[in-house]
Amino acid sequence: MRIPLDYYRILGLPLAANEEQLRQAYSDRIVQLPRREYSTTSISSRKKLIEEAYMVLLDTDERKAYDQLYLAHVYTPNKTADQIPQQTLTDNNSKDQDAQSLSIEITPERLVGSLLILQELGEYELVLKLGRPYLVNKPSSVSLKTGHRATQIEIPENPDLPDIILTVSLACLELGREEWQQGHYENAAVSLEIGEELLAREGLFPSVRAEMTADLYKLRPYRILELLALPQTQIPKRRQGLELLQSILEDRGGIDGTGNDQSGLNIDDFLRFIQQIRHYLTVAEQHKLFELESKRPSAVATYLAVYSLIARGFAQRQPALIRQAKQMLMQLGKRQDVHLEQSLCALLMGQTEEATRVLELSQEYEALAFIREKSQDSPDLLPGLCLYSEQWLQQEVFPHFRDLAKQQASLKDYFADRQVQAYLESLPTDAQITNEWSVINHQSFPQPDIHHSNHHNNHTTKTSQHHQPVNPELPETHPRPQPESTQVSIPRWNHPPTNANAGNQTSQIPSTAATPNLRPHQTNGTPTAVTNHQSPKRRRRKPTTNTLPQRFIQSQTNFLSNLDPKTRLVWLVLFSLGGVLIFSLLVSTTFGLVKNIFFPSASLQGEQLAIQLNQPPITIPNPNTKPESSTEELTKETAKEVIETWLSAKTSALGQKHDIDGLKEILTGAVLSQWQSVAQQEQEEKRYRQYKHNVEIVAVSKKGTDKDYVSVDAKVQEVTQFYQNSQQKKSSNENLRVRYDLVRKEGKWLIQRMSVIQNFL
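Residues numbered from 1 in each chain as written. Predicted model: local features only at pLDDT ≥ 70, side-chain atom pairs only at ≥ 80, totals over all residues. Heavy atoms only, no water.

Digging into the overall build of the chain
Put simply, the rule reads: Think of it this way: any DSSP run of H or I at least four residues long counts as a helix, any run of E at least two long counts as a strand, and we number them from the N terminus. What makes two residues a contact is simply this: any of their non-hydrogen atoms within 4.5 Å. For accessible areas, the Shrake-Rupley method is used with a probe of radius 1.4 Å. Any residue's cover is judged against the shown protein chains and nothing else.
Scanning the chain from N- to C-terminus turns up 27 helices and eight strands. Across the chain, the fraction of contacts at a sequence separation of at least 24, relative to all contacts at a separation of at least 6, is 67%. About 39,200 Å² of surface is accessible on the chain, with carbon and sulfur atoms providing 51% of the total.

This is the structure we're talking about:
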């Protein structure tokens, strides 16, 4: 069998390498060991191939003949390594070279070793091409069986099959990670799934399978973004993206859940991720997704469901959806100030008086200032409310739905629609609406009567609604008007910050944007019958707030007249002081209210979540960089420091002073013994070297699920001057790509294995 390899690639050497470089490369390759999962047979096969390459290139005559074949292949452009046919030869010890194919002949026993070398050289696709036929045509499955007394392994006819399976699986793993770095997330997932399924079917190497499973979990958010960003015509792939999103939500326990989906995203990162995928979802998809999630229950999902209901109801002329959003706001109103959203929903349902009344209760000072500014020439706030609604829908709502990005928001067209008019005419009366809103206040009210009213009870309810028992599903909060309150408020995602620091605030529960649902004033033939029932209620409210029981006044007069003059004077002074105190309290309260109206302070309280819809919540990794790692993992900067420390220790150990003990500070295991031996040999033969290095970190990847084991690929430029007996003998200048295997011991990174992957000419 012939394998598309050459001796220079096996040793990682250029064609012009000298004898010293050849010896050094051979020493490095022999010391470098593959993963611990490989059998001793595969390791021995790999070693024999390296030794064969070394012996051919070390012999002057054989190397000269081989170089001629090598150059003949280089200048023959019609053949490539991928066109090499596989053939079985009987001469197991033949070393004849094919000039056109530039391949080496191997025996079947050395197949695993050659695949292992191709794997180390990064030829993952070639490994899959050469190894898959053995997996398809394998004589029997590889499985683990447990006997009555001991564990037994069913050995297939080919004893190298487990090593072939391992090499093919690792090729899938590395190929998937390369695709990940290049931004091809779905292709990366396909490669990882192939390797994971192969190991699962054979029941082998659980640690390698765990690495693949962990990578697949981390890939899910990237795959979702890639699949949902596809054109809407690619329905099956977009459906797959939605299914992956649903699986993540199930693992986390909802949008704001605390479950572990193994993606590496914390709560804030996942909320930003949800904000980002909304740009790729249609209004119908968001409606279905967030309405389902709101039933967990979830405050964030409820806000997003309200957001999608309003957008879909307005765009598709379905006021019933807006009414559903209004009912969901009632649940949120138990603990948060959602009066602005409620006002806008009421406006889009044609309930103009209710919209203006509820708007006055809102603490959204920025929005209220805009609405008041645009309503200066009107007796009410309706003109500004309508203008605010159109701008909000057009600029802040529709752009975040894939199919509504170019939708025009026109209240005139909305209220002129016959379907909208028919629905608004069928809405309940204003009295029924009042009872509907009373759900927010946690009190039961009798049905209003034509001749009797309960305005005093209604007024008491409005002033004390924050003190009623709250929904046990949501955390308890304090009244919003208090600036120093410690409540956790839900910010409005689509409103800009009210001050310079608002962008840096964070919160555990973000909300959707304020939903200004506005209705034009007396235009488009909008039904106004609902508003005619509101005036009598306001007229009945006035006498109830100023009426005092006559019996109480008479009792106070009789009490003072029955006292003697001195006692009466004392009581009059006390009453006067009490009156002055009450008057001062009223004046200070009135002054505070006026100040809050004309000089409002920032309404956002506590730390808010820094989310803006005009900026991506999370950043997709650059195709040329590794996936973002956690703060506990090794960064490229730290990796460069470790490699530079090693090169400095190497310079000292092989330098004129031969500081061999310094190697212990950066090396460990077999590689430490190797370099100590090299340094001692150089010292005994009175030789030393001077180095100049330049390091560039190419990639940092985690080995398995243990964060203490990391693989680092680096480009190293090494200029070496060789001295013997204080006289310079020769020099070299090499550009190498080296892979370092690092291990963290007692909080310090040490190099336990290193190998030259590629030598650049």
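What about the side chain of Thr668?
How we decide: Per-residue accessibility, obtained with a 1.4 Å probe over protein chains only, is compared with the maximum for each type, and a residue is labelled buried under 20%, exposed over 50%, and partly exposed between these values. A 3.5 Å cut-off defines polar contacts: any pair of N or O atoms within that distance qualifies, except that in protein one atom must be a possible hydrogen donor and the other a possible acceptor, and neighbouring residues in sequence count only when both atoms are side-chain atoms.
Inspection of the secondary structure assignment puts Thr668 in the loop between helix H26 (636-653) and helix H27 (670-684). Residue Thr668 is classed as buried on the basis of its relative accessible area of 11%. Side-chain polar atoms of Thr668 contact the side chain of Lys745, separated by 3.0 Å. Apart from residues lying up to four places away in sequence, Thr668 is in contact with Val743, Lys745, Leu750, Ile751 and Gln752.

A closer look at empty space enclosed by the protein
For the record, the criterion: Residues are called lining when one of their atoms sits within 4 Å of a cavity or pocket point, these points coming from a 1 Å grid over the protein atoms alone, where a cavity is a set in which a 1.4 Å probe fits but cannot get out and a pocket is an open set with protein on both sides within 12 Å along at least five of seven lines. Grid points are joined across faces, edges and corners, and a volume is the space filled by probe spheres set on the points. Under the grouping applied here, Gly and all other residues not named as nonpolar or charged are polar, the nonpolar ones being Ala, Val, Leu, Ile, Met, Phe, Trp, Tyr, Cys and Pro and the charged ones Asp, Glu, Lys and Arg.
Going through the model one piece at a time under the given rule, you end up with seven cavities of 30 Å³ or more. If you trace the largest cavity, you find 27 residues lining it, with Gln24, Asp28, Lys650, Glu718 and Leu736 closest to the centre. Looking at the lining of the largest cavity, the elements with two or more residues in it are helix H2 (19-31), H26, strand S5 (687-702), strand S6 (709-724), strand S7 (727-745) and strand S8 (748-760). Looking at side-chain class alone, the lining of the largest cavity contains 14 nonpolar, seven polar and six charged residues.

A look at the pattern of salt bridges
Definition in use: Salt bridges are defined by distance alone: a side-chain nitrogen of Lys or Arg within 4 Å of a carboxyl oxygen of Asp or Glu.
Under the defined criterion, the tally for this structure stands at 35 salt bridges. We note a salt bridge from Arg177 to Asp215, for which the minimum N-O separation is 2.9 Å. Of the two residues, Arg177 is situated in helix H7 (residues 161-181) and Asp215 in helix H9 (residues 206-228); the sequence distance between them amounts to 38 residues. One exposure class covers both Arg177 and Asp215, and it is buried. In this structure, Arg753 and Asp741 form a salt bridge, with 3.2 Å as the shortest nitrogen-oxygen distance. On the criterion of sequence distance, the pair formed by Arg753 in strand S8 and Asp741 in strand S7 is long-range, its members being 12 residues apart. What you see here is one network of salt bridges that share partners, running through Glu20, Glu682, Glu685, Arg687, Arg689 and Lys730.

Remarks on the side chain of His339
The residue His339 is located in helix H15 (residues 339-348) in this model. By relative accessible area, His339 is classed as buried at 12%.

Overview of the nonpolar core
Rules: We call a set of buried Ala, Val, Leu, Ile, Met, Phe, Trp, Tyr and Cys residues a nonpolar core when their side-chain atoms join them within 4.5 Å.
Core analysis: the biggest nonpolar cluster contains 67 residues, and Ile255, Ile274 and Ile277 have the highest contact counts within it. Residue contributions to this core peak at 12 residues, all from helix H13 (residues 299-315). Not counting residues up to four positions away in its chain, the partners in contact with Ile274 are Leu245, Ile255, Phe290 and Leu304. Within the second largest apolar cluster, 60 residues are counted, among which are Leu5, Ile117, Tyr185 and Leu216.

Examining the pairing of S6
Each regular strand carries side chains that alternate between the two faces of the sheet. Rule in force here: Being paired, for any two strands, means DSSP has found at least two bridges between them.
By the bridge criterion, 15 bridges tie S5 to S6 in an arrangement that is antiparallel. What sits directly across from Asn694, in S6, is Gln717.

Some details on the packing of helix H5 (residues 111-120) against H7
To describe two helices that pack against each other, one gives the angle between their axes and the distance between the axes. Quick note on the threshold: Each axis is a line fitted through C-alpha atoms, and for a helix only the stretch in contact is used; angles between axes span 0 to 180 degrees, taken between their N-to-C directions. Put simply, angles under 35 degrees are roughly parallel, angles over 145 are roughly antiparallel, angles from 65 to 115 are roughly perpendicular, and the rest are oblique. Crossing handedness: left-handed means the near helix sits turned counterclockwise from the far one by under a right angle, and right-handed means the same turn made clockwise.
Between H5 and H7, whose axes approach to 10 Å, the crossing angle comes to 15°. Here H5 lies roughly parallel to H7, going by the angle between them. In the crossing of H5 with H7, the sense of the turn from one axis to the other is left-handed. Residues Leu111, Val112, Leu115, Leu116 and Gln119 of H5 lie in contact with H7, whose contacting residues are Asp163, Ile164, Thr167, Leu170, Ala171 and Glu174. Tallied by class, the residues present in the contact of H5 with H7 amount to seven nonpolar, two polar and two charged.

A short note on H5
Counting buried residues in H5 gives 10 out of 10 residues, a clear majority hidden from the surface. What H5 keeps buried is the set Leu111, Val112, Gly113, Ser114, Leu115, Leu116, Ile117, Leu118, Gln119 and Glu120. Where H5 ends, the next residue or the one after it, Gly122, has phi of about 85°, a positive value.

Digging into the environment of Leu219
Looking at the element boundaries, Leu219 is found in helix H9. Assessed through its relative accessible area of 0%, Leu219 is described here as buried. Residues Leu219 and Ser263, 44 residues apart in the sequence, show an inter-C-alpha distance of 7.3 Å. Not counting residues within four places of it along the chain, the set of residues in contact with Leu219 comprises Trp180, Tyr185, Ala188, Ala189 and Leu192.

Considerations on the packing of aromatic side chains
What counts, and what does not: Pairing of aromatic side chains requires ring centres within 6.5 Å, counting the rings of Phe and Tyr and the six-membered ring of Trp. Pairs whose planes differ by under 30 degrees are stacked, by over 60 edge-to-face, and all others tilted. Look at NZ for Lys and CZ for Arg. If either is within 6 Å of the ring centre and within 35 degrees of the ring normal, a charge sits over the ring.
Applying the stated criterion across every chain, the model contains 16 aromatic pairs. Aromatic side chains Phe314 and Phe398 sit 6.2 Å apart centroid to centroid with 40° between the ring planes, which places their arrangement in the tilted category. You can see Phe314 sitting in helix H13 and its partner Phe398 sitting in the loop between helix H18 (382-397) and helix H19 (411-416), a full 84 residues away along the chain. You'll find Phe314 and Phe398 in the same group, each marked buried. Directly above the ring of Phe401 sits Arg278, whose terminal nitrogen or CZ lies 5.7 Å from the centroid.

Section: the packing of H15 against H18
Orientation of H15 relative to H18, taken along the N-to-C sense of each, is 95°, at an axis distance of 11 Å. Our classification of the angle between H15 and H18 gives roughly perpendicular. Residues Leu340, Ser343, Leu344 and Leu347 of H15 lie in contact with H18, whose contacting residues are Leu382, Leu385, Cys386 and Tyr388. Residue composition of the contact of H15 with H18, grouped by class: seven nonpolar, one polar and no charged.

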